[in-house]
Amino acid sequence: MNKQVLITGSSGQISSELIPELTARGYSIIATDVKLPKTEFEYEVFEILDVRQKKEMERLVSKYDISLIIHNASILSAKGEQDPSLALDVNFEGTRNVLEVARDAEVEKVFSPSSIAAFGPETPKENTPNDVITRPKTIYGISKVFTELLGEYFWGKYQLDFRCLRYPGIITPNSIPSGGTTDWAIEMFFEALNNGNYRCFVNKDTQLPMMSMRDCVRGTLEFLEVDSKKLTHRTYNVTGISFTPAELYNEIKTHLPSLKIEYLPDYRQQIADTWPKSIDDNFARRDWGWQNSDDLKSITKWMIDSLKSK
Ligand code: AKB
């Protein structure tokens, strides 16, 4: 396989940490986003691409002889509820364009993430299995189920090697999140160090599945590279550790005892209430050896050490 990778949403939280690791493994990255990156020389090759523009996507895939598309561009859960039309355009049209362009240009592989947002209130909340009723209630969640199903359709009908991971909330010290419902799990660290207090937008007992960015990046690379024959599924649950804001607060307090917290739930509480509390990722463990390394203690220490050193 040639190693020319086109990545959409390259300035986003996950892409910006995945790209250096892909580069270290010898992939050539064509980074694309709707806007120019903040620093001019962030990427060796950067192209403006709005994923709604199919012709432009086709042009770039052909110009760079792309063999792998990593489609990360997406409007997240909270932002999607504020602007459902935008989420419909970007998330649905973008995924459709990626899959059709990949099929027509004979791209070898497409990776696009799904999310715990693909699940809904009718899904079992504890140890949510891989193959289970989904019926999400947010436009973002609906777009993730669409991505999973359309990708699997292209795999079945056109043998396009589509792969998808259902990410939980991803925690990193390297960017301040926005637009998501799991953002509190990062914001609490930034506010703890900057102000010594945090206003949390979900209740203290809102348990959600989370994962460190370092586990996310390693796991995604392993999944991308595993032999297709080992995969019994095209969409896999993956998780790290589940916790509530109160549990995270108590753990951060072991490092920063003066941290104060207030709970002021907003519209994001309703979104979180429809999502699983914990995830069963045994299929990923069995089929391609997925393993998380971080737990709440190690994530907390890593976040605080990294933020202090910045
Ligand atoms: C969000 O909160 O929208 C994302 C996700 C869980 O997909 N972080």
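Residues numbered from 1 in each chain as written. Predicted model: local features only at pLDDT ≥ 70, side-chain atom pairs only at ≥ 80, totals over all residues. Heavy atoms only, no water.

**Quick notes on the overall build of the protein chain**
Next up, step 1: Within the protein chain, the secondary structure is distributed over eleven helices and 13 strands.
Next up, step 2: With the C-alpha coordinates aligned to their principal axes, the bounding extent of the protein chain is approximately 55 × 45 × 40 Å.
Next up, step 3: When the 310 residues of the protein chain are sorted by exposure, 55% land in the buried category.
Next up, step 4: Counted over contacts in the protein chain with a minimum sequence separation of 6, partners at least 24 positions apart contribute 77%.
Next up, step 5: In the form shown here, the protein chain has an accessible surface area of approximately 13600 Å², with 49% of it arising from carbon and sulfur atoms.
Next up, step 6: The averaged location of the 44 negative side-chain charges in the protein chain is 1 Å from the averaged location of its 37 positive side-chain charges. (Helix = DSSP H or I, 4+ residues; strand = E, 2+ residues; numbered from the N terminus. Buried < 20%, exposed > 50% of the residue type's maximum accessible area, 1.4 Å probe, protein only. Contact = heavy atoms within 4.5 Å. Areas by Shrake-Rupley, 256 points an atom, 1.4 Å probe, with all protein chains shown as cover. Lys, Arg positive; Asp, Glu negative; His and termini not counted. Charge placed at Lys NZ, Arg CZ, Asp CG, Glu CD.)

**So, the pairing of strand E10 (residues 208-212)**
Next up, step 1: The buried fraction of E10 is high, at five of five residues.
Next up, step 2: Side-chain alternation along E10 places Leu208, Met210 and Ser212 on one buried face and Pro209 and Met211 on a second face that is also buried.
Next up, step 3: Of the pairings in the sheet, the one linking strand E8 (residues 169-171) to E10 comprises three bridges and is parallel in character. Looking at the pairing, Gly169 lines up with Met210 of E10. (Pairing = 2+ DSSP bridges.)

**Overview of the packing of helix H6 (residues 184-194) against helix H11 (residues 296-309)**
Next up, step 1: It is the contact of H6 with H11, at a shortest axis distance of 10 Å, that shows an interaxial angle of 45°. If you check the angle between H6 and H11, you find them oblique. Judged by the twist between their axes, the crossing of H6 over H11 is right-handed. Only Thr300, Met303, Ile304, Leu307 and Lys308 of H11 make contact with H6, whose side of the interface consists of Ile186, Phe189, Phe190 and Leu193.
Next up, step 2: Of the residues in the contact of H6 with H11, the class split is seven nonpolar, one polar and one charged. (Axes fitted to C-alpha atoms, helices over the stretch in contact; angles between N-to-C directions. Parallel < 35°, antiparallel > 145°, perpendicular 65-115°, else oblique. Left-handed = near helix turned anticlockwise from the far one by under 90°. Nonpolar A, V, L, I, M, F, W, Y, C, P; charged D, E, K, R; others polar.)

**Remarks on the site of the ligand**
Next up, step 1: Taken together, Leu76, Ser77, Ser115, Ile116, Tyr140, Gly180, Thr181, Thr182 and Trp275 make up all the residues around the ligand.
Next up, step 2: Note that a nitrogen atom of the ligand is positioned 2.9 Å from one of the side-chain N or O atoms of Thr182.
Next up, step 3: Protein chains shield 91% of the accessible area of the ligand, which is 260 Å² for the free molecule.
Next up, step 4: Residues belonging to the shell around the ligand are distributed by class as follows: four nonpolar, five polar and no charged.
Next up, step 5: When we break the shell around the ligand down by domain, the ones giving at least three residues each are domain 1 (4-169 + 210-237) and domain 2 (173-203 + 241-277 + 294-309). (Near = heavy atom within 4 Å. Polar contact = N/O pair within 3.5 Å; in protein donor to acceptor, adjacent residues only side chain to side chain. Domains from an automatic or database assignment.)

**Description of the pattern of salt bridges**
Next up, step 1: All told, the structure shown has 23 salt bridges when counted by the stated rule.
Next up, step 2: Here Glu225 ties to Arg25 by a salt bridge, and the two come within 2.6 Å at their closest N and O atoms. Of the two residues, Glu225 sits in helix H7 (residues 213-225) while Arg25 sits in the loop between helix H1 (15-24) and strand E2 (28-33), which places them 200 residues apart along the sequence.
Next up, step 3: A salt bridge links Glu148 to Arg166; its shortest N-O distance comes to 2.8 Å. Of this pair, Glu148 sits in helix H5 (residues 139-158) while Arg166 sits in strand E7 (residues 161-167), placing them 18 residues apart in sequence.
Next up, step 4: Among the residues examined, Glu148 registers a relative accessible area of 4% and is labelled buried.
Next up, step 5: Three or more residues joined by partner-sharing salt bridges are found here, namely Asp50, Arg52 and Asp89. (Salt bridge = Lys/Arg side-chain N within 4 Å of Asp/Glu carboxyl O.)

Honestly, it's all geometry; don't read function into it.
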